[in-house]
Amino acid sequence: MKKICFWVRKNSWTVIPGMGWMGAAVFLAVMSLFLSCGEKKSLDPDRDPGIFDPAVWRTPPPEFRPHFRWWWPGGSVEENELRRELMLFRDQGFGGVEIQPFAYGLAQADLISDPEIKTVGTDSFFEKVGAACRIARELGLTVDLTFGSSWSSGGPFIRKGRERQLLISTQEVTGPSVFAGDIPPVKKPKYQGILELMMNAMAPFTGEAEPVALTAARVIDRNRVPVEIGEMVDLSDYLSGSNLSWPVPAGEWIVFAFYENETGQLVMNPAYPGEHSESVILDHLDRTGVDELIAGFGEPMVSRLKDYIGGTLKNIFVDSFELVGELPWTTGFGEKFFSSRGYNLEPYLPLLFREYGEVKWLEAVGPSRTIFSAGEIAGRVREDYEEVRGQLFRDEYIRPLVEWAHENGLRVRLQNHGGFEDFLEGYALVDIPESEGLYAGGSYDFLKLASSAAHTGGKRYVSSESFVALVEDPQGLTRDDFYLLAGRALSAGINKIIHHGFPYLYYRQDGSRWYPFAGAYAPTLGMSFTFSSFSDEDHPVWPDFPGLNTYIARLAYAFSRGEPRSEIAWLYPERVFPDLVATSYQGFSAGQGDSPVTAALKAAGLTFDRVNRQSLTAAKAANGRLKIGAADYSALLITDLRAASPELLETVEAVARAGITVVVLGGLPLRAPGFGPAGSGDLEVAAIAERLAGEVTGVAQPDELGKVFSAAGVSSPVLTADGKVPFLFNRRVLPGGELLLLFNEGDHDLDESIKLNVPGVKATILDPQTGRVNGEPAKKDSAGRFSLEVTLPSRRAVVVWVER
């Protein structure tokens, strides 16, 4: 077959004049074989992953080129326009699309006048997706499909598995006395009133809820924020129906009633058939929800698009989890908690609630404070709650979805941020973890989470929803902005860029062209902003896209070869990463959003991956390297670690005694995480920490890190005369050499003399803008290190290829 394919590619364009209809038929058959052979080769993203081929670098194939997020007005698309736009994408240097069908930005008048919009998930919709796949295949492009309509996951087919929450109601009492009467009634959560002002994202609050628990707590200090409470008791034995008869002890007390109900959160402006109020978010903590999503959307998709799955259509996409809840919950959570943590959660429930609940959109503005506290107990119970919640999120939602996708020949591309579990853990479970440029302002620290999970999880590809920011002008990003954001993502380890985005050409009833995020986002609050990028033919940077996309594709190809290499494994002790969308509203600049530690490591030219507690606990030291999952490192960095399991610290101790450099900023923890039996390892943790103190290197400030690591022999691959490294790095190690990306994130051009701290026989600079080699191969100095002159414009990158 390989010989046949080669012959066809070599000879298929030779047309014999006057060949006649039979000759034409044979020619078309040969051409069909050519196309199928060509598709199989060009669409295989894992071909020769250990080889860097300069010919492929110069002309990178479609799989390495950026993909457009392609917004559809639901199912209201026409085949001729699909073809025109796909040809446009190909000609602009894109390698494919991600179809996102929804009704965002469409008014009720548009929905009424055009019934084709609200057809997502129907036969006619999948027929149109099939047409897009067929045309894309003809053009050598690929298609990813959003798994449903809009975000977060849900739809009208979610009946039993709807998102749930726990509500809290309170009543103050004073003893000694007898409380005789109805328990505190259900109350509407504070957050819901705020969301009703901001967006159409919630069904009306009905008050329907099932009682779950009834407790009381003694008030210690009501003037503190949060209110300090003490003795906590279960009142269920004093309850008859909804009537409580409880002998109140002396002092001030608060009675707490807890109720479970559906959150009423709706999918954001979906284009499913039916009313918006029917498309609810699924329960991510119970498998029933994802099973209904698979049955309602996934199975019809597979049935109708089977001819394209695994070829043109390889990936399903799941957007970020913008979830809400007063306290995220699911039926049976209390029992599952007891089974996992070994104690009854009910008396401690008041300690988990926050003033404005747990709402992704509100947390992007600022954290919501807890309402009640009980000293150290509150934080410990919270740790246990989040541990159980995260495990349910993984086991009940992510894993079943990935298993189903693999059974049907699909891969999962997923944005794990915004969910109720460990970001790094969730990223590592999917085939292509995806970051984004809006969450946390697209900071380098945040981008590194997805790529780090890919590296330790053995995933070759990691993507990012890029060129999206909170802006006033949706077409306001400049050419330099695009290069800055692309370079930051690529230097952080991203190697698949998803361009946000292109709206299908559609005119609304008022005559305006549809852009999903145009206009005021929250008019009732007087907020006037939108999101970039409205990247159509009228965008000022549109003429530059072919060059930009080829530049990105060359870098994406290079930095998906071989294996990732970072010097430092840096423990990320938290489960989630705080969001701060508004940072992108200030424009873009070098180091934007960097933590002090990241800034210090960048300045020293040191690369790092973030690792979580679970992966570090399972780490091993071998041959002078720290092995964590599929990646290995020269050193370990621990910062801000307040609590650790004995098993985690035992691993750190073994690593340090094996000769691996361990640096600690902020001290070692003196307690285990959690409360009750799971948190009973405090004495053991303190003992291990005491032993470890002599095995690790402690630092007081981030700016000490560069010197400390250098003294330990952990140094940058690039050396400069003044010791300050002005580049951001990405590194890949191949059997035949090493690739280094040097990115100038700053506003000024660089002209640097550098030495490479990388062994090899030949070093050359490759220019991703032209695909050519820059200058002659580098010469070595007396110490055997390559010397290079690097001229690098602002916000641009070059690649150094060191051959062995």
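Considering the overall build of the chain
Thinking step 1. Per the secondary structure count, the chain includes 20 helices and 37 strands.
Thinking step 2. By the compact-globule yardstick of 28 Å for 804 residues, the chain fits well, its C-alpha radius of gyration being 28 Å.
Thinking step 3. Each of the three principal axes of the chain carries a C-alpha extent, and together these read 105 × 70 × 50 Å.
Thinking step 4. Of all 804 residues assigned to the chain, the portion counted as buried reaches 59%.
Thinking step 5. Restricting to contacts in the chain with at least 6 residues of sequence separation, those with at least 24 account for 80%.
Thinking step 6. In the form shown here, the chain has an accessible surface area of approximately 31,100 Å², with 53% of it arising from carbon and sulfur atoms.
Thinking step 7. Taking the average place of the 78 positive charges on the side chains of the chain and the average place of its 104 negative ones, the gap between the two points comes to 8 Å.

Things to note about the sheet that holds strand β24 (residues 625-628)
Thinking step 1. Pairing is antiparallel across the open sheet formed by three strands, whose spatial order is β23-β24-β25. Every interior strand has two partners, whereas the edge strands, β23 (620-622) and β25 (631-633), have only one. Strand-to-strand, the axes of this sheet are offset by a mean angle of 35°, without reference to chain direction.
Thinking step 2. Note: β23 against β24, three bridges, orientation antiparallel. The partner of Ala622 across the bridge, within β24, is Arg625.

Considering the packing of aromatic side chains
Thinking step 1. Applying the stated criterion across every chain, the model contains 56 aromatic pairs.
Thinking step 2. Between Trp72 and Phe125, the aromatic rings sit 6.3 Å apart at their centres with planes inclined by 75°, giving edge-to-face as the arrangement. On the criterion of sequence distance, the pair formed by Trp72 in strand β1 (residues 67-73) and Phe125 in helix α6 (residues 123-139) is long-range, its members being 53 residues apart.
Thinking step 3. Under the relative-accessibility criterion, Trp72 is labelled buried at 0%.
Thinking step 4. Judged by its relative accessible area of 0%, Phe125 falls in the buried class.
Thinking step 5. The positively charged end of Lys448 is found above the aromatic ring belonging to Phe608, 5.7 Å away from the centroid.

Considering the pattern of salt bridges
Thinking step 1. Taken as a whole and assessed by the stated rule, the structure comprises 58 salt bridges.
Thinking step 2. For Glu98, the salt bridge goes to Arg69, with nearest N and O atoms at 2.8 Å. One end of the pair, Glu98, is in strand β2 (residues 96-102); the other, Arg69, is in strand β1, with 29 residues separating them in the sequence.
Thinking step 3. Classification of Glu98 by relative accessible area gives buried; the value is 0%.
Thinking step 4. The closest approach of N and O atoms between Glu386 and Arg575, which form a salt bridge, is 3.7 Å. Here Arg575 lies in the loop between β21 (568-571) and α16 (596-603) and Glu386 lies in helix α11 (residues 376-407), a separation of 189 residues in the sequence.

Considerations on helix α4 (residues 79-91)
Given 3.6 residues per turn, any residue in an α-helix points the same way as the ones three and four places further on.
Thinking step 1. Taking 1.5 Å of rise per residue, 13 residues should cover 18 Å, and α4 covers 18 Å from first to last C-alpha, within 8% of that figure.
Thinking step 2. Buried within α4 are the following residues: Glu81, Leu82, Glu85, Leu86, Leu88 and Phe89. For α4, the angular spread of buried residues about the axis comes to 155°, placing them on one side.
Thinking step 3. Gly93, located one to two residues past α4, shows a positive phi value of around 90°.

Things to note about the sheet that holds strand β16 (residues 463-466)
Thinking step 1. Strand order in the closed barrel formed by eight strands is β1-β2-β3-β11-β14-β15-β16-β18, and the pairing between neighbours is parallel. Going across the sheet, the axis of each strand differs from the next one's by a mean of 30°, ignoring polarity.
Thinking step 2. As paired elements, β1 and strand β18 (residues 496-503) share five bridges and run parallel to each other. The residue of β18 that forms the bridge with Trp71 is Pro503.
Thinking step 3. Along the sheet, α11 contacts β11 (313-318) and β14 (411-414); its crossing angle with β11, the most-contacted strand, is approximately 165°.

Looking at helix α9 (residues 333-341)
Thinking step 1. Buried within α9 we find Phe333, Phe337 and Arg341. Looking straight down α9, one finds that the buried residues subtend no more than 45° of arc, so they occupy a single side. Opposite its buried face, α9 presents the exposed residues Glu335 and Ser339, each directed more than 90 degrees away.
Thinking step 2. Looking one or two residues past α9, Gly342 carries a phi angle of roughly 85°, positive in sign.

Things to note about the packing of α4 against α6
Any two packed helices are characterised by the angle at which their axes cross and by the distance between the axes.
Thinking step 1. Close contact between α4 and α6 brings their axes to 10 Å; oriented N to C, the two are set at 35°. In terms of crossing hand, the pair formed by α4 and α6 is right-handed. On α6, the residues that touch Glu79, Leu82, Arg83, Leu86, Met87 and Arg90 of α4 are Lys128, Ala131, Ala132, Arg134, Ile135, Ala136, Glu138 and Leu139.
Thinking step 2. Residue composition of the contact of α4 with α6, grouped by class: eight nonpolar, no polar and six charged.

Quick look at unusual backbone geometry
Thinking step 1. With an omega of 0°, the peptide bond between Val225 and Pro226 qualifies as cis.
Thinking step 2. Counting through the fold element by element, Pro226 comes out in the loop between β6 (210-221) and β7 (227-234).
Thinking step 3. Of note, the amide linkage connecting His500 to Gly501 takes the cis form, showing an omega dihedral of -10°.
Thinking step 4. The phi angle at Asp640 is positive, at roughly 55°, despite the residue not being glycine.
Thinking step 5. Considering the arrangement of structural elements, one finds Asp640 in the loop between β26 (635-639) and α18 (646-657).

Here we look at the nonpolar core
Thinking step 1. If you look at the biggest cluster of nonpolar residues, it comprises 192 residues, and the most contacted ones within it are Trp70, Phe297 and Met301.
Thinking step 2. In terms of residue count, α11 provides more of this core than any other element does, 12 residues in total.
Thinking step 3. Formed by 28 residues, the second largest nonpolar core is a distinct cluster that contains Leu571, Leu636, Leu648 and Val685.

Some remarks on the environment of Ser615
Thinking step 1. Following the sequence through the fold, Ser615 ends up in helix α17 (residues 613-617).
Thinking step 2. Sequence separation between Ser615 and Leu648 is 33 residues, and the spatial gap between their C-alpha atoms is 9.4 Å.
Thinking step 3. Engagement of the side chain of Ser615 in a polar contact is seen with the side chain of Asn612, the distance being 2.8 Å.

Things to note about the confidence of the model for the chain
Thinking step 1. Within the chain, residue pLDDT values average 91, and 92% of them lie at 70 or more.
Thinking step 2. Counting interchain partners and residues more than four positions distant, the pLDDT-below-50 stretch residues 1-45 has 42 contacts.

Some thoughts on the side chain of Ser463
Thinking step 1. Mapped onto the fold, Ser463 is located in strand β16.
Thinking step 2. Take Ser463: its relative accessible area is 0%, and that puts it in the buried class.

Quick notes on the pairing of strand β15 (residues 432-436)
Thinking step 1. A large share of β15 lies buried, amounting to five of its five residues.
Thinking step 2. Burial of the side chains of β15 extends over both faces: Ile432, Glu434 and Glu436 are buried on one face and Pro433 and Ser435 on the other.
Thinking step 3. As paired strands, β14 and β15 are joined by two bridges and run parallel to one another. In the strand pairing of β15, Leu414 is matched with Pro433.
Thinking step 4. In this region the chain leaves β14, passes through helix α12 (residues 423-429) and returns to the parallel neighbour β15; the handedness of that crossover is right-handed.
Thinking step 5. Strand direction decides the pairing type here: β15 and β16, joined by three bridges, are parallel. Bridging from a neighbouring strand, Glu434 pairs with Ser463 of β16.
Thinking step 6. For the segment spanning β15, helix α13 (residues 444-456) and β16, crossover handedness is right-handed.

Concerning the environment of Asp632
Thinking step 1. By secondary structure assignment, the location of Asp632 is in strand β25.
Thinking step 2. Along the backbone, Asp632 and Leu167 are 465 residues apart, and their C-alpha atoms lie at a distance of 45 Å.
Thinking step 3. Once residues lying within four places of it in the same chain are set aside, the contact partners of Asp632 are Arg565, Ser566, Arg625, Leu626 and Lys627.
Thinking step 4. Within the structure, the side chain of Asp632 is placed 2.7 Å from the side chain of Arg625, a separation counted as a polar contact.

How each quantity is defined
- Residues numbered from 1 in each chain as written.
- Predicted model: local features only at pLDDT ≥ 70, side-chain atom pairs only at ≥ 80, totals over all residues.
- Heavy atoms only, no water.
- Helix = DSSP H or I, 4+ residues; strand = E, 2+ residues; numbered from the N terminus.
- Rg over C-alpha atoms; globule rule 2.2 N^0.38 Å.
- Buried < 20%, exposed > 50% of the residue type's maximum accessible area, 1.4 Å probe, protein only.
- Contact = heavy atoms within 4.5 Å.
- Areas by Shrake-Rupley, 256 points an atom, 1.4 Å probe, with all protein chains shown as cover.
- Lys, Arg positive; Asp, Glu negative; His and termini not counted.
- Charge placed at Lys NZ, Arg CZ, Asp CG, Glu CD.
- Pairing = 2+ DSSP bridges.
- Axes fitted to C-alpha atoms, helices over the stretch in contact; angles between N-to-C directions.
- Phe/Tyr/Trp six-rings, centres within 6.5 Å; stacked < 30°, edge-to-face > 60°.
- Lys NZ or Arg CZ within 6 Å of the ring centre and 35° of its normal.
- Salt bridge = Lys/Arg side-chain N within 4 Å of Asp/Glu carboxyl O.
- Expected span 1.5 Å × (residues − 1).
- Arc of directions from axis to C-beta.
- Left-handed = near helix turned anticlockwise from the far one by under 90°.
- Nonpolar A, V, L, I, M, F, W, Y, C, P; charged D, E, K, R; others polar.
- Core = buried A, V, L, I, M, F, W, Y, C linked by side-chain atoms within 4.5 Å.
- Polar contact = N/O pair within 3.5 Å; in protein donor to acceptor, adjacent residues only side chain to side chain.
- pLDDT = per-residue confidence, 0-100.
- Right-handed = clockwise from strand over helix to strand, strands pointing away.

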